[in-house]
Amino acid sequence: MLPGGTVAETVTAMRARELGRKSVVVGDRVGLVGDTSGAAGALARIVRIAERSSVLRRTAEDDATTAEGRLERVVVANADQLVIVSALADPPPRTGFIDRCLVAAYDAGIEPLLCLTKADLAGPEQVLGYYTELELPYVLVRPDSDLDALRALLAGRVSVMVGHSGVGKSTLVNRLVPEAARAVGVVSAIGRGRHTSTSAVALRLPPAPGVDGDPGWIVDTPGVRSFGLAHVSAESLLHGFADLVEATVDCPPNCPHTADAPDCALDAWVAAGKADPRRLASYRRLLASRSGEGDPRGEPERNPGDPLAGS
């Protein structure tokens, strides 16, 4: 994309050797030399990668003590909005996964947007109630939705979409960009979707009828089962739980905020009704999994009696 939102011809390019081991990821703005005409058979070289305004990362696992857990992956560069796609049913919503995405978004300096699909099958009250203190922006999507509300929130921005397999993300992308032809799967009998998208791809949104200006870009990503946060510091995890931050002012110095931490003010804060106890439980699960006490490869953890808590 050129300045001002103008789209140039599609150019095939390879990374120049002088860039060394520096990788090029979806969303990067690069400098090209060679044949940039976009003609059949033309090949250019990527010789420069511009400084990134934001980098959304995830790690393969939460355990920073293992080689696999330290494997950091850049999801997308230069995005300014993270669209967290979650179905309201089939499969059921998992606030644990949403919490992880929120932490990653805030850590990267990217604004979150919650996109709740399959709103024809279930209402959003439980999910929205869980996030009521965050004032998290959201949009509801049904099979017959015109998507005008979502298009308005995507306009003029580079948005990256993430979500569990089976939540309808690829279907949504195909509705927004019909020529994308992203593969669409089905949800199995046990409530799990198949991984239909296999690689991240940036797609230019078509102009909305009667709307001037840049319609924006979306980056569709492969469906993921977990969003590892080993790259996020324990202190930064709290950024995804703004409803708990004020309570930590009364914590003793260097408080780890774990359940067994003496004099941690978070328990009293929740007991006083100032935050949802499920939010504190989710935060502490992330702390535990990051320190290697949980197994993110296993079945999603849930709070007893809480149908939303899967990660």
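Residues numbered from 1 in each chain as written. Predicted model: local features only at pLDDT ≥ 70, side-chain atom pairs only at ≥ 80, totals over all residues. Heavy atoms only, no water.

## Structural notes on the overall build of the protein chain
Here is step 1: Regarding its fold elements, the protein chain presents eight helices and 11 strands.
Here is step 2: Per-residue burial over the protein chain gives 46% buried out of 311 residues.
Here is step 3: Put simply, 67% of the contacts in the protein chain that link residues at least 6 apart link residues at least 24 apart.
Here is step 4: Total accessible area computed for the protein chain in this model is approximately 15,500 Å², and 52% of it derives from carbon and sulfur atoms. (Helix = DSSP H or I, 4+ residues; strand = E, 2+ residues; numbered from the N terminus. Buried < 20%, exposed > 50% of the residue type's maximum accessible area, 1.4 Å probe, protein only. Contact = heavy atoms within 4.5 Å. Areas by Shrake-Rupley, 256 points an atom, 1.4 Å probe, with all protein chains shown as cover.)

## Re the pairing of strand E6 (residues 81-87)
Here is step 1: Counting buried residues along E6, seven of its seven residues qualify, which places the element largely inside the surrounding structure.
Here is step 2: A two-sided burial pattern is seen for E6, the buried positions comprising Gln81, Val83, Val85 and Ala87 on one face and Leu82, Ile84 and Ser86 on the other.
Here is step 3: Pairing of E6 with strand E7 (residues 111-117) involves seven bridges; the strand directions are parallel. Bridged to Gln81 within E7 is Glu111.
Here is step 4: Inspection of the sheet shows E6 paired to strand E9 (residues 158-162) by four bridges, in the parallel sense. Pairing of Val83 across the sheet is with Met161, part of E9. (Pairing = 2+ DSSP bridges.)

## Topic: the sheet that holds E7
Here is step 1: In space, the six strands of this open sheet follow the order E8-E7-E6-E9-E11-E10, with mixed pairing throughout. Both edges of this open sheet fall to strand E8 (138-140) and strand E10 (201-204), since each of them pairs with a single strand only. Taking the axes of each pair of neighbouring strands and ignoring which way they run, one obtains an average angle of 25 degrees across the sheet.
Here is step 2: Bridge analysis of E9 against strand E11 (residues 217-220) gives four bridges, and the strand direction is parallel. (Axes fitted to C-alpha atoms, helices over the stretch in contact; angles between N-to-C directions.)

## Some details on the sheet that holds strand E3 (residues 44-49)
Pairing between the strands of a sheet comes from backbone hydrogen bonds, and it takes one of two forms, parallel or antiparallel.
Here is step 1: Pairing within the open sheet is mixed, and its three strands lie in the order E1-E3-E2. Because the sheet does not close on itself, it has two edges, and the strands there are strand E1 (13-15) and strand E2 (30-34). Going across the sheet, the axis of each strand differs from the next one's by a mean of 40 degrees, ignoring polarity.
Here is step 2: Strand direction decides the pairing type here: E1 and E3, joined by three bridges, are parallel. Among the inter-strand pairings, Arg15 is bridged to a residue of E3, identified as Ile46.

## Looking at helix H8 (residues 277-290)
Here is step 1: Its 14 residues place the ends of H8 20 Å apart at the C-alpha level, agreeing with the 20 Å of an ideal helix rising 1.5 Å per residue.
Here is step 2: Of the residues making up H8, those classed as buried are Arg279, Leu280, Ser282, Tyr283, Arg284, Arg285, Leu286, Leu287 and Ser289.
Here is step 3: Here the buried face of H8 lies against helix H1 (95-108), helix H2 (125-130), helix H5 (234-237), helix H6 (242-245) and helix H7 (265-271). (Expected span 1.5 Å × (residues − 1).)

## Observations concerning the state of the cysteines
Here is step 1: Overall, the coordinates contain zero disulfides when judged by the stated rule.
Here is step 2: Left unpaired, Cys264 is separated from the closest cysteine sulfur, that of Cys255, by 3.9 Å. (Disulfide = S-S within 2.5 Å.)

## Thoughts on the confidence of the model for the protein chain
Here is step 1: Taken residue by residue, the protein chain gives an average pLDDT of 84. The fraction at 70 or more is 81%.
Here is step 2: Taken together, the stretch residues 185-197 has pLDDT below 50 and engages in 31 contacts with residues farther than four places along the chain or on a different chain. (pLDDT = per-residue confidence, 0-100.)

## Some words on the side chain of Asp243
Here is step 1: With respect to the helices and strands, the residue Asp243 is situated in helix H6.
Here is step 2: On the basis of relative accessible area, Asp243 is assigned to the buried category, the value being 9%.
Here is step 3: Engagement of the side chain of Asp243 in a polar contact is seen with the side chain of Arg279, the distance being 2.9 Å.
Here is step 4: When residues no more than four places from it in sequence are discounted, the contact partners of Asp243 are Glu133, Leu134, Trp269, Lys274, Ala275 and Arg279. (Polar contact = N/O pair within 3.5 Å; in protein donor to acceptor, adjacent residues only side chain to side chain.)

## A closer look at unusual backbone geometry
Here is step 1: The step from Asp90 to Pro91 runs through a cis peptide bond, and the omega angle for that step is 5 degrees.
Here is step 2: Mapped onto the fold, Pro91 is located in the loop between E6 and H1.
Here is step 3: Phi angles above zero are rare outside glycine, and Asp90 is one such case at about 50 degrees.
Here is step 4: Phi angles above zero are rare outside glycine, and Asn254 is one such case at about 60 degrees.
Here is step 5: Mapping Asn254 onto the fold places it in the loop between H6 and H7.

## Overview of the nonpolar core
Here is step 1: Among the nonpolar cores identified, the biggest contains 51 residues, and Leu56, Leu82, Val160, Leu244 and Tyr283 are the most heavily contacted of them.
Here is step 2: Considering each element in turn, this core owes the most residues, eight residues, to H1.
Here is step 3: Those residues in contact with Val160, other than ones at most four positions away along the chain, are Leu56, Val75, Val76, Ala79, Gln81, Leu82, Val83, Val219 and Thr221.
Here is step 4: Counting residues in hydrophobic clusters, the runner-up holds 20 residues, among them Ala87, Leu113, Leu205 and Ile218. (Core = buried A, V, L, I, M, F, W, Y, C linked by side-chain atoms within 4.5 Å.)

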